[in-house]
Amino acid sequence: MTEVKLKLSGVTKAFGKQPVLQGIDLDIAESEMVCLIGPSGSGKSTLLRCMNLLEPIDDGVIHLDGVDISEPGLDLRPIRRQIGIVFQSFNLFPHLSAMDNVLLAPLRVLGKSKANADGQARELFTRFGLANEMHKYPDQLSGGQQQRVAVIRALAMQPQIMLFDEITSALDPELVEEVLDVLRQLRDAGMTMVLATHEMGFARELADRVCFLDQGKIVEQGPPDVIFAAPKHQRTRTFLKSVLR
Amino acid sequence: MCRSSSDRTPLNRRQIFEARQRNRSIVIAGLSTIAFVLILYLAVPLAPGWERVKASFFNGEIFVKTFPTLLEAFLLDIAIFAWSAPLIALVGLLIALCRSTNAPALFPLRIFGALYVDIFRGVPVVLVIYLIGFGVPGLGLPRPWNSPYIWGTVALVLTYSAYVAEILRSGIESIHPSQRSAAICLGLSERDAMRYVILPQAVRRVVPANMNMFVALQKDVALLSFIGPVEILRQAGIYKSLLANFTPYVAAAVIFLAVTIPATRYADYLLSRERNDRS
Ligand SMILES: Nc1ncnc2c1ncn2[C@@H]1O[C@H](COP(=O)(O)OP(=O)(O)O)[C@@H](O)[C@H]1O
Ligand SMILES: [Mg+2]
């Protein structure tokens, strides 16, 4: 593994009195693909939302490329655009075409010229097989296409890291594979990625590392072969048994 | 999916039954409407005062004679409407944005927005028109600043923008919070997220509700007659005194209806289409 891209040390987060993240330590190396697995409510989504500072953390430190980005009072916008995120659903802006969804941030945030941003967006649509869909509106796209557009939109900001929060779990089963293919493509291109996922087969096939979360703690982590074949903790075993059946 | 009527496959039991039911309903509705109109037509003239009412409210000659001038006076109503409506939309938007802000530095704006909406929705339009239309020129302002057109317009804008602001705010709040998150995650500022992502969706969603507001405004423009402008209601009043007949009021009502009925129907149509879209 090369150098550490994103480093979380002792990150805690509570909603009211309810602790949701209880001291997360996690190093994500450049070009690494990390999968977060764990029961519903274990804190996977919250962890991802803390990584791009959408949720302020209560305690702990987050470093991006060795820079402390969790320092209170920092301007978050330049940081956020280096960390792309795609959610489970409601990602796209329904009043804008797929193309305008992708162009919005490059034009308004990066101040790119229309021609420049447009060319880059077309390239991305073509690369991910959506060249014929780019002028459609979100409600004219299938769920799988919508998620792929959401990925393209995040990539248009040229992020250093991509976070994915169960981006296939709201999809009909036959649409899951086309979205996973996009993730495979990204991995091949060396993108640093963190995924919360229920697709155990996918995690096993592609992840460099799998982290099992339970009750806001990383219970166990390691290469997928080890986690899936020989989990050390009882809780991991119970969880895997329930999802793999 | 329901079968289209052009579909020529033989009808099954259920479809035959439903078709028969439908025909029956249409016949019943038609018959009862005819009966109702007939009764009105025959019974109303039997009322003891009918001849008098007919002469003073439905005098055809007076109707024809006053109609053109009334129509001309109605142009003033339309003009007042035409310059008030965009001002109302603008002020309503500003107030809605004041109320939707959550930056602590803008807390006073939020309070101001809330007060504004409470006050101007809580007072009858006529009262606002009287207070501002007579009150402000009463300060002894020089011409043209004592014009009832200016202060009448201000009164309408104050009242109606309060309603429009509330409608817009409800639209803003109806947009799923993940839309804001998605915009923020792309690096947009709060302001840009509002401007490019939330507001365009919110405005679209409340178009039908606002249409209804503007139909109401078209009618309330006539209230300005109380502070001076000779628009249609005032013109009808002048004719009433002149001719000692109420028919001009009926003519004015007909002119209003010719505008407001199509507008309301259109708003209803937009509303039902919006509902269908979302379900
Ligand atoms: N905005 C919030 N306010 C209050 N509680 C929340 C919020 N978001 C998440 N939670 C709570 O935090 C816990 C972890 O949630 P989440 O991170 O969504 O878990 P996961 O994604 O693993 O299912 C849950 O108990 C959930 O109810
Ligand atoms: Mg989740």
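Note that residues are indexed from 1 along each chain, following the sequence as it is written. The naming scheme follows written order: chains are lettered A onward, ligands numbered 1 onward. Reporting in this predicted model follows two pLDDT cut-offs: at least 70 for local features of residues, and 80 or more for side-chain atom pairs to be given and counted; totals over whole chains, interfaces and linings ignore these cut-offs and use all residues. Just so you know, side-chain values use all the structure's heavy atoms and leave hydrogens and water out.

**Examining the overall build of chain A**
Stated formally: Counting from the N terminus, the helices are the DSSP runs of H or I reaching at least four residues and the strands are the DSSP runs of E reaching at least two. Think of it in three bands: with a 1.4 Å probe and only protein chains considered, a residue is buried below 20% of the maximum accessible area for its type, exposed above 50%, and partly exposed in between. Any two residues whose heavy atoms approach within 4.5 Å are treated as being in contact. Positive charges are assigned to Lys and Arg, negative charges to Asp and Glu, while His and the chain termini are left out of the count. Here the site of a charge means atom NZ of a Lys, CZ of an Arg, CG of an Asp or CD of a Glu.
Helices and strands together make up the secondary structure of chain A, namely 9 helices and 10 strands. Expressed along its principal axes, the backbone C-alpha trace of chain A runs to roughly 55 × 45 × 35 Å. Relative to its full complement of 245 residues, chain A shows a buried share of 53%. Considering only residue pairs separated by 6 or more positions, chain A has 65% of its internal contacts joining residues 24 or more positions apart. Counting 27 positive and 31 negative side-chain charges, chain A places the centres of these two groups 3 Å from one another.

**Notes on the overall build of chain B**
Here is the rule we go by: Radius of gyration means the value over C-alpha atoms here, while the globule rule gives 2.2 Å times the residue count to the 0.38 power. In this description, accessible areas are obtained by the Shrake-Rupley approach with a 1.4 Å probe, and a residue is regarded as covered only by the protein chains that are shown.
Within chain B one finds 11 helices and 0 strands. Reading the secondary structure of chain B in the N-to-C direction produces α-α-α-α-α-α-α-α-α-α-α. Over its C-alpha trace chain B gives a radius of gyration of 26 Å, far above what one expects of a compact globule, namely 19 Å for 279 residues. With respect to the principal axes defined by its C-alpha atoms, chain B has extents near 75 × 70 × 25 Å. For chain B, the proportion of its 279 residues judged to be buried stands at 36%. Looking at chain B alone, contacts between residues at least 24 apart form 77% of all its contacts between residues at least 6 apart. Surface summary for chain B: the accessible area is close to 16900 Å², and the carbon and sulfur share equals 68%. Placing the 27 positive and 16 negative side-chain charges of chain B at their respective mean positions leaves the two points 6 Å apart.

**Some remarks on the site of ligand 1**
Residues and elements named next belong to chain A. Put simply, the rule is: Whether a residue is near a molecule or strand depends on its heavy atoms: it is near if one of them lies within 4 Å of it. Pairs of N or O atoms within 3.5 Å make up the polar contacts considered here, provided that, within protein, one atom can donate a hydrogen while the other can accept it, and that residues adjacent in sequence are counted only when both atoms are side-chain atoms. Ten residues, namely Ala, Val, Leu, Ile, Met, Phe, Trp, Tyr, Cys and Pro, are considered nonpolar, four, namely Asp, Glu, Lys and Arg, are considered charged, and the remaining ones, Gly among them, are considered polar.
Every residue near ligand 1 is listed here: Phe15, Gln18, Val20, Pro39, Ser40, Gly41, Ser42, Gly43, Lys44, Ser45 and Thr46. With respect to ligand 1, the backbone of lysine 44 contributes an N or O atom lying 2.9 Å from an oxygen atom. Between an oxygen atom of ligand 1 and a side-chain N or O atom of threonine 46, the distance comes to 2.5 Å. Listed by contribution, the elements that provide at least two residues to the shell around ligand 1 are β2 (18–29) and α1 (44–51). If you tally residues by element for the shell around ligand 1, the top one is α1, at 3 residues. When grouped by side-chain class, the residues that make up the shell around ligand 1 number 3 nonpolar, 7 polar and 1 charged.

**A short note on the pattern of salt bridges**
Any two side chains of opposite charge can pair, on the condition that their charged atoms come close. All names here are of chain A. Heads up, the condition is: By salt bridge we mean one thing: a side-chain nitrogen of Lys or Arg within 4 Å of a carboxyl oxygen of Asp or Glu.
Per the stated rule, a full pass over the model turns up 20 salt bridges over all chains. As a salt-bridge pair, arginine 209 and glutamate 32 come within 2.9 Å of each other at their nearest N and O atoms. Pair noted here: arginine 209 is in strand β9 (residues 209–214) and glutamate 32 is in the loop between β2 and β3 (33–37), with a separation of 177 residues, a long-range link. Side by side, arginine 209 and glutamate 32 carry an identical accessibility label, which is buried. Shared partners join several salt bridges into a network, and the residues in it are Glu177, Asp181, Arg184 and Glu205.

**As for the interface of chain A and chain B**
Stated formally: Buried area: the sum, over both parts, of the accessible surface (1.4 Å probe) that disappears when the two are put together.
Facing the 22 residues of chain A at the interface are 18 residues of chain B. When chain A packs against chain B, the two sides together hide about 1700 Å² of surface, and 68% of this comes from carbon and sulfur. Of all residues in chain A, Phe90(A), Phe93(A) and His95(A) bury the most surface against chain B, accounting for 32% of the area lost on that side. Put simply, chain A and chain B have 0 salt bridges between them. When contributions to the side of chain A that touches chain B are tallied by element, the ones reaching two or more residues are α2 (77–80), β6 (83–86), α3 (98–108) and α5 (143–155) of chain A.

**Considerations on the sheet that holds strand β5 (residues 67–68) of chain A**
In any sheet, the strands associate via hydrogen bonds between backbone groups, in a parallel or an antiparallel arrangement. Residues and elements named next belong to chain A. Just so we agree on the cut-off: Should DSSP find at least two bridges between two strands, the strands are regarded as paired. The angle between two axes is taken between their N-to-C directions and runs from 0 to 180 degrees, where each axis is a line fitted to C-alpha atoms and a helix contributes only its stretch in contact.
With antiparallel pairing, 4 strands are arranged side by side in an open sheet as β2-β1-β4-β5. Edge positions in the sheet fall to β2 and β5, since each of these pairs with one other strand and no more. Across the sheet, α1 touches β1 (4–15), β2 and β4 (59–64), and the angle it forms with β2 is around 60 degrees.

**A short note on the environment of Arg204(A)**
All names here are of chain A. Within the fold, arginine 204 resides in helix α7 (residues 200–206). With 30 residues separating them in the primary sequence, arginine 204 and glutamine 234 have C-alpha atoms 19 Å apart. What arginine 204 contacts, discounting residues up to four positions off in sequence, is Pro224, Phe228 and Ala229.

**Topic: a nonpolar patch on the surface**
To be explicit about the condition: Two joining distances apply to patches: 9 Å for like charges and 5 Å for nonpolar side chains (Val, Leu, Ile, Met, Phe, Trp, Tyr), and every residue must have over 30% relative accessible area and no salt bridge.
A grouping of Val53(B), Phe57(B), Phe58(B) and Phe246(B) is seen on the molecular surface, where their side chains present a nonpolar patch of about 330 Å² in accessible area. Among the residues examined, Phe246(B) registers a relative accessible area of 36% and is labelled partly exposed.

**With respect to the sheet that holds strand β10 (residues 217–222) of chain A**
All names here are of chain A. Pairing in this open sheet of 6 strands is mixed, and the strands run β6-β7-β8-β3-β9-β10 from one edge to the other. Two strands lie at the open edges of the sheet, namely β6 and β10, each paired on one side alone. Taking each pair of neighbouring strands and ignoring which way they run, the sheet shows an average axis angle of 20 degrees. Two elements, β3 and strand β8 (residues 192–196), share 4 bridges in a ladder whose sense is parallel.

**Considerations on the packing of α3(A) against helix α4 (residues 114–127) of chain A**
Residues and elements named next belong to chain A. Note the following rule: Between 65 and 115 degrees an angle is taken as roughly perpendicular, under 35 as roughly parallel, over 145 as roughly antiparallel, and anywhere else as oblique. For any helix crossing, the convention is left-handed if the near helix is rotated counterclockwise from the far helix by under a right angle, and right-handed if that rotation is clockwise.
Put simply, α3 and α4 touch, their axes get as near as 10 Å, and they point 130 degrees apart. Relative to α4, the element α3 is oriented oblique. Crossing geometry of α3 relative to α4 is assigned as right-handed. Contacts between α3 and α4 involve Ala98, Met99, Val102, Leu103, Pro106 and Leu107 on the former and, on the latter, Lys114, Ala117, Asp118, Ala121, Arg122 and Phe125. Residue composition of the contact of α3 with α4, by class: 9 nonpolar, no polar and 3 charged.

**Concerning the nonpolar core**
To keep it simple, the criterion reads: Among buried residues, those of type Ala, Val, Leu, Ile, Met, Phe, Trp, Tyr and Cys that are joined through side-chain atoms within 4.5 Å constitute a nonpolar core.
Counting residues in hydrophobic clusters, the biggest one holds 51 residues, and the most contacted among them are Leu8(A) and Met51(A). The element that contributes the greatest number of residues to this core is helix α8 (residues 190–205) of chain B, accounting for 7 residues. When near neighbours in sequence (up to four residues on either side) are disregarded, Met51(A) contacts Leu6(A), Leu8(A), Leu26(A), Ile28(A), Ile62(A), Ile69(A), Ile83(A), Leu163(A) and Val194(A).

**Things to note about the packing of aromatic side chains**
Rules: Aromatic contacts are taken between Phe, Tyr and Trp rings whose centres are within 6.5 Å, Trp giving its six-membered ring; a plane angle under 30 degrees counts as stacked, one over 60 as edge-to-face, and the others as tilted. When the NZ atom of lysine or the CZ atom of arginine is within 6 Å of a ring's centre and also within 35 degrees of its normal, the charge is said to sit over that ring.
For the structure shown, the criterion picks out 13 aromatic pairs over all chains. On the numbers, 5.5 Å between centres and 25 degrees between planes, the contact of Phe63(B) with Phe67(B) is stacked. Here Phe67(B) and Phe63(B) lie together in helix α3 (residues 60–100), a separation of 4 residues that amounts to about one turn. Here Phe63(B) falls in the partly exposed class, since its relative accessible area comes to 25%. Among the residues examined, Phe67(B) registers a relative accessible area of 25% and is labelled partly exposed. When the ring of Phe81(B) is compared with that of Phe214(B), the centres are 6.4 Å apart and the planes differ by 90 degrees; the resulting orientation is edge-to-face. A residue pair is termed long-range when its members are at least 10 positions apart, and Phe81(B) in helix α3 and Phe214(B) in helix α9 (residues 207–220) qualify at 133 residues. The cationic tip of Arg153(A) hangs over the ring face of Phe93(A); the distance from NZ or CZ to the ring centre is 4.4 Å.

Everything listed here is a matter of coordinates, which is why it stays silent on function.
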